Amino acid sequence: MKKPRPDPEALLQSAKEEDLRAKRGKLKIYLGAAPGVGKTYSMLEDAIAKREKGLDIIVGIVESHGRKEIEFFLKKFEILPRQNVEYHGQTLSEFDLDATLKRNPHTILIDEMAHTNVPGLRHNKRWQDIKEILDRGINVYTTLNVQHIESLNDIVTQIIHTRVNETVPNSMLEIADSVELVDLPPEDLLKRMQEGKVYIPQQAELAVEHFFRQGNLSALRELALRITAERVGEQVLSYRKGKGIKSIWATKEKLLVCISSSKNATKLIRATRRMASSLQAEWIAVHVDIGGSEQNRSRAINNLRLAEQLGAETKILYGMNATSEIIHICRELNVTKIIVGKRKHRWWEKIFLRNLTDNLIKSSDEIDIYMINDDSQESKPSKYAYEPSEKKFPWKAYAFSLGILGLATAINLLFSTYFQTTTIILVYIVTVTIVALLGKSGPSILASVLSVIAYAYFFTHHENGFLIANTQLFFTLFIILLVTQIISQLTIMMKKQTNAARLLERRSSTLHALSRQLASSRGVNKLLDIAVNYMANIFNSEVLALLAIEGHLEVKAGHGTKLILNAKDYSVAQWVYDLGQVAGLGTDTLPFSDAIYVPLISSQQPIGVLRIKPKDNTMLFTPEQSHLLESCANQVALAIEVDRLHEQHKQLELESKTDRIRAALLEAVSHDIRTPLVAAIGSASTLMELSNDLNKNQIKKLSQDIILELEQLNRLIHNFLQITYLDDNAVKLQKELFPLSDVIAAALKISYTKSGKKHINIFLPHDLPKIPLDKTLIEEVFVNLIDNAMKFTPAESAINIKADRDNQYVVISIEDNGPGIMPDEVNKLFEKFYRGRMLTTERGLGLGLSICRAIISAHGGKIWAENRKEGGAAFRFTLPLSL
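Residues numbered from 1 in each chain as written. Predicted model: local features only at pLDDT ≥ 70, side-chain atom pairs only at ≥ 80, totals over all residues. Heavy atoms only, no water.

## Structural notes on the sheet that holds strand E9 (residues 254–258)
For step 1, the next point in the chain: Across the sheet, which stays open at both edges, the five strands sit in the order E11-E10-E9-E12-E13 with parallel pairing between neighbours. The open sheet has two free edges, formed respectively by strand E11 (313–318) and strand E13 (368–373), since each of these has just one partner strand. The sheet shows a mean angle of 25 degrees between the axes of neighbouring strands, taken without regard to direction.
For step 2, the next point in the chain: Both strand E12 (residues 337–342) and E13 contribute to a ladder of six bridges, which runs parallel. (Pairing = 2+ DSSP bridges. Helix = DSSP H or I, 4+ residues; strand = E, 2+ residues; numbered from the N terminus. Axes fitted to C-alpha atoms, helices over the stretch in contact; angles between N-to-C directions.)

Okay, here's the thing in C-alpha cells:
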C-alpha cells in the first residue's frame with residue numbers, strides 16, 4: 001500500500017511550532033482535582049530527582065502551609081528571596097519575577113499558578129509571570145487545581161455553588177509540554193484532611209462543611225480526568241498531523257457563538273469553548289453591532305475579550321439585520337454549528353419582537369443550531385474593563401420633537417382654510433421624518449403619536465370634542481400612525497447603516513492607502529512616518545514608532561506627540577520588544593498603561609515597537625481593532641524588512657561594482673607602473689650585454705632612457721602615494737613667504753628634461769608681492785600642470801605661465817596651444833584616475849590634476865580649467881595673498 005504523502009502546509013506549521021518550542025522554556029503542570037491531593041509534593045519530588053542529575057533547579061515560590069514533608073523537601077533547594085510590596089498599609093511578599101530572570105536558572109518551581117498578584121506588579125496574574133519566564137527560555141514546574149481552569153468556571157460554580165475568581169486561560173494548558181494528573185480518591189483526601197495534612201484543624205472543619213464534600217470532590221475529580229484525557233487526545237492529534245496522517249472525516253467542524261452585550265454571555269462563551277475543545281474544532285465569537293448604546297457596546301467588547309482569551313477568533317459585524325449578517329459570515333467561513341443563548345420571552349415579546357434564535361433556525365438550512373440557557377448569575381467585570389457611565393436621557397431630542405411638532409401644528413392651523421386633509425397629514429409625516437433624522441427611536445415614536453393626537457383633536461370636528469366618531473376615522477388615524485412609524489424607523493435604520501458603512505469604508509480606504517503608500521515608498525524613516533500617520537488617522541490616537549538599534553529601542557517617528565518616552569513607558573516598550581507580545585492598555589499585561597504597545601515583528605525577530613495612545617482616555621480598543629493594529633504592525637514590519645533587504649541588495653551591488661572598479665584600477669596601475677620599469681630594465685640589459693660593442697653616444701642614449709623611465713616610474717609612484725596621503729589625512733601646510741618666480745623656476749628645473757623644444761614664457765607683474773605658501777606642494781602643482789600642458793601641446797609651440805593680482809588673491813594661469821578640452825570633460829578633469837579621451841599615447845595614472853586640486857584647496861584657493869578663445873586650454877588657480 002502506498003504511504004500517504006504528508007501535507008506540506010502541516011509540515012511547515014509543525015516545523016514552526018517546533019522552532020517556537022525550542023526557543024521557549026518547558027512547562028510542566030501538576031494538575032489536581034482539589035488542594036491536598038499532593039501536587040506540590042509530587043513537583044518537589046520530581047525536582048529532587050532532576051536536581052540529582054546536576055540540573056540547576058531553584059524554588060521561586062512554594063507554600064508549605066505548615067506541612068512538614070514539604071518543608072523537609074524545601075531545605076534541599078535554593079529558594080529565591082521574595083519581594084515585599086506595600087498594599088493598603090500592609091507589607092505583602094510576592095514572587096520576584098525580575099530576580100528570577102537575573103538568576104536565569106535551568107528550571108524554577110512556582111506553586112499556585114492561578115494566584116492573583118498584588119496590584120502594581122508587572123502582571124496581574126502569576127500565570128502571566130510564568131509565561132514571561134517561559135518566553136525567556138527558562139523551564140517551569142507549577143501546580144494547578146482544576147477549578148481554576150477558565151473554560152470550566154461555570155461548571156465548577158454549579159458544583160461548589162461559589163464562583164472562582166482566580167482562573168487560568170486554557171491557552172496555558174495548551175502550551176504545556178507536560179500535564180501530570182496528581183490523583184487521589186475523595187475518601188483518602190478527606191482522611192488527610194482529618195489528619196491535618198492539608199489545613200490546620202479549624203480550617204479543615206470549615207472546608208469539609210463547604211468545599212470538601214465527597215460529592216464535590218468526585219465531580220471535580222471527574223473534571224480533572226476529563227481535562228487530562230482531552231490533553232492526551234490533543235497530543236495524539238498533534239502526532240497525527242506531524243506524521244501527515246489524514247483524518248478519516250472529509251469536513252472539519254467549525255463553531256460560531258453569537259455574543260450579545262449581556263453580562264450573562266460569559267456562560268455561553270465558556271460552553272462554546274468546551275464544545276470546541278471536545279470536537280477539536282475552531283470557533284468564532286461574533287457580535288453584531290446594530291447601533292446600540294455605548295454601554296452595551298462596551299459590555300460586548302468585554303465579552304469578546306474573554307472569548308479571545310479562551311482561544312476564539314473574534315469579529316464585530318455591522319448591520320441592522322443580525323440574522324442575515326450571522327448567516328452570511330457562517331457561509332463565508334464554512335461554519336457548521338451556531339451556538340446562541342436561550343432565554344424566556346414574555347408573551348408580548350414573542351408577538352412584537354424579533355426572536356434571533358427562531359430567525360436563525362429558519363435561515364440556517366444545513367447549519368446546526370445549539371441553544372444554551374444564559375439565565376445565570378452575572379459575572380463581575382474586569383478591573384481594567386472600560387465601563388462608560390449610564391446613558392443620559394435625551395432631553396434635547398424630546399424637546400426638539402415637541403418643538404417641531406408644535407411648529408407643524410401651528411402651520412396647519414394657520415393655513416387650515418387653504419390646506420386639504422392630505423396636505424395636513426403630509427406636514428405631520430415630514431415632521432416625524434425630520435425627528436427620525438436624529439437617530440433616536442423614543443422621540444420619533446413620541447412625534448408619531450402626538451401627530452395623530454394633534455390631527456384628531458384640531459382637524460376632525462365633532463360635537464363632543466375629542467372623539468373618534470366612526471370606524472373610517474379610526475382607521476385613518478391608525479394608518480397615519482403606522483405610516484409615520486414605518487418612515488421614522490426606516491429613516492433611523494438608514495442613518496445607522498450609513499454610519500456603519502461610512503466607518504467600514506473609512507477603514508478600508510485607509511488600509512488600502514497604507515498598503516499603496518508603503519509599497520511605493522523607500523527608506524525606513526519614510527515608512528515609519530507613513531505608518532504613524534496612518535495609525536493616528538484610523539485609531540484617533542497619538543502614535544510613536546520605535547526601532548531597535550543593537551537591541552535598544554530608539555524613537556524614530558511620531559504623530560500627535562513628542563518624540564520622547566519617559567522611563568516607565570520605555571521599559572514597557574522594551575519588554576514588548578524583548579518578548580514580541582502586545583502589552584499595555586486593554587491587555588492582560590501591564591494594563592495600567594495609558595497606551596497599547598504592539599511589536600513590529602519581521603520574518604525572523606522583532607525589529608521595533610509601535611505605541612498607540614488613544615486621544616480619548618476612556619476609549620478601549622475592540623478585539624477587531626486590536627487585530628487590525630497587529631495586522632498593520634505586521635505590514636509595517638514587512639515593509640521595513642523588504643526595504644532593508646533592498647538596501648542590503650544595493651549595498652552588495654555597490655560592493656560588487658567597487659570590486660570590479662578596483663580590479664580594473666589595479667590592472668591599469670600595474671600596467672602603467674610596469675611599462676617604464678620594463679623599458680628601464682630593457683635598456684639596462686642592453687647596456688650590460690652590449691657595452692663592449694656600443695659607442696659613447698649609444699651608451700649615453702641608453703643611460704638617458706633608463707633615467708627618463710625611472711623618473712616616470714618615480715613620478716607615478718609619487719602621485720599615487722601623494723593622493724593616498726591627501727585623501728586619508730588633513731594636509732598640513734608649512735607656509736612661508738616666497739616670490740612666485742622662485743617657485744616657478746624650481747618647477748621648471750624639474751620639468752626641464754621633458755620640455756624638449758617647447759618654449760615656456762613667463763609673465764609676472766613687477767609689483768607682485770611675496771605669497772604665503774608651502775613651497776614644496778606648490779612646486780608640485782606647477783610640475784603637474786606644466787607636465788599636463790606638454791602632453792597636449794604641439795612640438796615647438798609655446799606654453800605661457802601668467803600671474804595677475806585680483807584683490808586679495810593672485811590668479812595664476814598655465815596656457816597651451818593644444819586642441820583644448822572637450823566640453824563634457826571640463827568637470828571631470830580633476831577627478832581621480834581620469835585621463836581624458838584625447839590622451840592616447842602618454843602614460844599616467846590620471847592623478848596629477850586631482851593632486852593639484854587637493855593642494856590648492858588646502859591653501860584656500862580654487863582651481864579650474866577652460867578653453868581659450870585663441871585656441872588651446874588654460875588651467876587657472878588662485879592663492880590668497882594673506883596668511
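Read on, since the account is not over.
## Quick notes on the sheet that holds strand E25 (residues 873–880)
For step 1, the next point in the chain: An order of E20-E22-E23-E25-E24 is seen for the five strands of this open sheet, with the pairing classed as mixed. Of all the strands in the sheet, the pair left with one neighbour each is strand E20 (759–763) and strand E24 (863–867). Across the sheet, the mean angle separating the axes of adjacent strands is 20 degrees when strand polarity is ignored.
For step 2, the next point in the chain: Pairing analysis gives seven bridges linking strand E23 (residues 809–815) to E25, with the strands arranged antiparallel. By the bridge assignment for E25, Val810 is matched with Leu879.
For step 3, the next point in the chain: Relative to E25, helix H25 (residues 775–792) is tilted by about 170 degrees, and along the sheet it contacts E20, strand E22 (798–806), E23 and E25.
For step 4, the next point in the chain: Relative to the sheet, helix H26 (residues 848–858) contacts E24 and E25, its axis offset from that of E25 by approximately 25 degrees. (Contact = heavy atoms within 4.5 Å.)

## Focus on a nonpolar patch on the surface
For step 1, the next point in the chain: On the surface, Phe478, Ile479, Leu482, Val483, Ile486 and Leu490 cluster together to form a nonpolar patch covering roughly 510 Å² of accessible area.
For step 2, the next point in the chain: Considering the arrangement of structural elements, one finds Phe478 in helix H19 (residues 471–520). (Patch = residues over 30% accessible without salt bridge, like charges linked within 9 Å, V, L, I, M, F, W, Y side chains within 5 Å. Areas by Shrake-Rupley, 256 points an atom, 1.4 Å probe, with all protein chains shown as cover. Salt bridge = Lys/Arg side-chain N within 4 Å of Asp/Glu carboxyl O.)

## Observations concerning the packing of aromatic side chains
For step 1, the next point in the chain: Evaluated as defined, the whole model comprises six aromatic pairs.
For step 2, the next point in the chain: Judged by centre distance (5.0 Å) and plane angle (50 degrees), the ring pair of Tyr41 and Phe73 falls under tilted. Taken as a pair, Tyr41 in helix H2 (residues 39–51) and Phe73 in helix H3 (residues 68–74) lie far apart in primary sequence, 32 residues in all.
For step 3, the next point in the chain: Using a relative accessible area of 10% as the deciding quantity, one classes Phe73 as buried.
For step 4, the next point in the chain: On the basis of an interplanar angle of 25 degrees and a centroid distance of 5.7 Å, the ring pair of Phe415 and Phe419 is categorised as stacked.
For step 5, the next point in the chain: Residue class for Phe415 comes out partly exposed when judged on its relative accessible area of 34%. (Phe/Tyr/Trp six-rings, centres within 6.5 Å; stacked < 30°, edge-to-face > 60°. Buried < 20%, exposed > 50% of the residue type's maximum accessible area, 1.4 Å probe, protein only.)

## A look at the nonpolar core
For step 1, the next point in the chain: Within the largest apolar cluster, 40 residues are counted, with the highest numbers of intra-cluster contacts made by Phe782, Ile812, Ile814, Phe875, Phe877 and Leu879.
For step 2, the next point in the chain: With nine residues, the top contributor of residues to this core is H25.
For step 3, the next point in the chain: When near neighbours in sequence (up to four residues on either side) are disregarded, Ile814 contacts Phe782, Leu785, Ala789, Ile799, Asn800, Ile801, Ala873, Ala874, Phe875 and Phe877. (Core = buried A, V, L, I, M, F, W, Y, C linked by side-chain atoms within 4.5 Å.)

## Notes on the pattern of salt bridges
Between side chains of opposite charge, a pair can form as their charged atoms come close.
For step 1, the next point in the chain: Enumeration according to the criterion identifies 29 salt bridges in this entry.
For step 2, the next point in the chain: One salt bridge connects Glu180 with Lys28, and the closest N-O pair in it is separated by 3.2 Å. Of this pair, Glu180 sits in strand E8 (residues 178–182) while Lys28 sits in strand E1 (residues 27–32), and the two are 152 residues apart along the sequence.
For step 3, the next point in the chain: The partly exposed category is assigned to Glu180, whose relative accessible area is 28%.
For step 4, the next point in the chain: Lys556 is the partner of Glu554 in a salt bridge, and the nearest nitrogen-oxygen pair spans 3.5 Å.

These values are about where atoms sit, not about what they do.
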